[in-house]
Amino acid sequence: MKKTGKGVGIIFYGTGYGNGFPDVSKSKAQLREDGKVEIYVGATEVGQGAKTVMSQIAAEALGLKFEDIVFINEDTKITPDSGTAAASRQSYNTGNAIKKSAEKLRQRIIDIAKEKLGLNTNIGIEIKDGYVYVKSFPKKGITFKEIAKNFKDEPLYENGEFTAQTTEMDAETGQGAPYWPYTFCACGTEVEVDTETGVVTVLDAVLAQDVGKALNPKLIEGQMDGGFAMGMGYAIFEDLKLKNGVMKNNSFTNYLIPTALDMPDVKNVIVEDPESTAPYGAKGIGEPVMIPITPAILNAIYDAIGVRITEIPVKPDSILKALKEKNKNS
């Protein structure tokens, strides 16, 4: 017999290292001879779209096109420390550092343009697509490339640094403000449990994620889909079979992960509530999108068969054993 059930998982998540641990990111923005701007950060790209989002932040701050940002990272010889690609911190922390260095470089460029254009103030000077001009008289302007000609021997650059707000919790009371900012996520799932075979199938799902501000909605949806797949794998597929510190399932022959055929049609809901301390309001969501999935699936299994499974992954024999025990007790 096949039974269906629905379940919900809800979480809140503090991004960054937290608990008073120094959470610092640094950035360098440098004007090139061709008028493009190089952004130097030690941020690592692990598939989360860091290079894209951080280039967007820099382009917005500098008044440049996306393609006029040259993103340089992962080379510790030439890039400043931006911390690890962990704790869902890069968009917020390093994004803020990039915004700071880019804004400082923008202001420096405006001040130089004021002198080059013979203006008596930098008020009313704007930048668009690498062109610095007087808002009331757009023909009076100068390009980034023209400004860069004056800095061939020593390129024009500015540094930016950002430290996240975090305090250590009181060891006695457990009270404090260990993280900032927090993000929120909720997941609802519908599952089917085959009571004869013990197989669990996820039929449908909805995932809502607080993102602060969606700088790149497509990348966010990609992270949400990936997070759901990982959470589902954690719930009903992936089993290392550890015994005495040795992994029995040490290859993908035995260590099963979800495939495209296992994925339900997840409805992603992007919730925007801009964070005032974040770069253009954006929060990090790398880990939060994974966390409520497994609880939602476990709750749906309970709703379907009336048995609470407390070990993961939920394997068919676990379901059958639990049902047998339930029938025996009843």
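To start, this report covers the structure provided alongside it. Bear in mind that the values here come from a model prediction, so they are computed numbers and not experimental data.

### Section: the environment of Val-132
- The residue Val-132 is located in strand β6 (residues 131-134) in this model.
- The class for Val-132 is buried, based on a relative accessible area of 0%.
- Excluding residues within four positions of it along the chain, Val-132 makes contact with Ile-109, Ala-113, Leu-117, Ile-125, Glu-126, Ile-127, Lys-140, Gly-141, Ile-142, Phe-144 and Ile-147.

### Describing unusual backbone geometry
- Residue Trp-180 is joined to Pro-181 through a cis peptide bond whose omega torsion reads 0 degrees.
- Looking at the secondary structure, you find Pro-181 in the loop between β8 (157-163) and β9 (182-194).
- Omega for the peptide link from Ile-312 to Pro-313 comes to -5 degrees, which places this bond in the cis form.
- Even without glycine at this site, Asp-129 takes up a positive phi of about 50 degrees.
- With respect to the helices and strands, the residue Asp-129 is situated in the loop between β5 (125-128) and β6.
- Asp-129 gets classed as partly exposed once you look at its relative accessible area, which sits at 41%.

### What to know about a nonpolar patch on the surface
- Together, Leu-240, Leu-242 and Met-247 line one region of the surface with nonpolar side chains, adding up to about 280 Å² of accessible area.
- Secondary-structure assignment places Leu-242 in strand β11 (residues 242-243).
- For Leu-242, a relative accessible area of 57% gives the class exposed.

### Considering the environment of Ile-109
- Tracing the backbone shows Ile-109 in helix α2 (residues 90-116).
- With a relative accessible area of 0%, Ile-109 lands in the buried category.
- Between the C-alpha atoms of Ile-109 and Val-206, which are 97 residues apart in sequence, the distance is 47 Å.
- Leaving out residues up to four positions away in the same chain, Ile-109 has contacts with Val-132, Phe-144, Ile-147 and Leu-156.

### A look at the pairing of strand β7 (residues 137-143)
- Where β6 meets β7, four bridges bridge the pair, whose relative direction is antiparallel. Across the sheet, residue Val-134 finds its bridge partner in β7, namely Phe-137.

### Some words on the sheet that holds β6
- Taken together, the three strands give an open sheet; going across it, the order is β5-β6-β7, and neighbouring strands pair in antiparallel fashion. Two strands close off the open sheet at either side, each with one partner strand: β5 and β7. Strand-to-strand twist of the sheet, defined as the mean angle between neighbouring strand axes without regard to direction, takes the value 35 degrees.
- Where β5 meets β6, four bridges bridge the pair, whose relative direction is antiparallel. Within β6, the position partnered with Lys-128 by the bridge is Tyr-131.
- Of the strands in this sheet, β5, β6 and β7 touch α2, which is tilted by about 120 degrees from β5.

### What to know about the nonpolar core
- One finds Ile-297, Ile-301 and Ile-319 to be the most contacted residues of the largest nonpolar core, which totals 35 residues.
- With eight residues, helix α5 (residues 293-305) is the largest single contributor of residues to this core.
- Counting residues in each nonpolar core, the second largest holds 33 residues, with Val-41, Ile-125, Ile-127 and Ala-148 among its members.

Conventions used here
Residues numbered from 1 in each chain as written. Predicted model: local features only at pLDDT ≥ 70, side-chain atom pairs only at ≥ 80, totals over all residues. Heavy atoms only, no water. Helix = DSSP H or I, 4+ residues; strand = E, 2+ residues; numbered from the N terminus. Buried < 20%, exposed > 50% of the residue type's maximum accessible area, 1.4 Å probe, protein only. Contact = heavy atoms within 4.5 Å. Patch = residues over 30% accessible without salt bridge, like charges linked within 9 Å, V, L, I, M, F, W, Y side chains within 5 Å. Areas by Shrake-Rupley, 256 points an atom, 1.4 Å probe, with all protein chains shown as cover. Salt bridge = Lys/Arg side-chain N within 4 Å of Asp/Glu carboxyl O. Pairing = 2+ DSSP bridges. Axes fitted to C-alpha atoms, helices over the stretch in contact; angles between N-to-C directions. Core = buried A, V, L, I, M, F, W, Y, C linked by side-chain atoms within 4.5 Å.

Remember that the coordinates give geometry; whether it matters functionally is a separate question.
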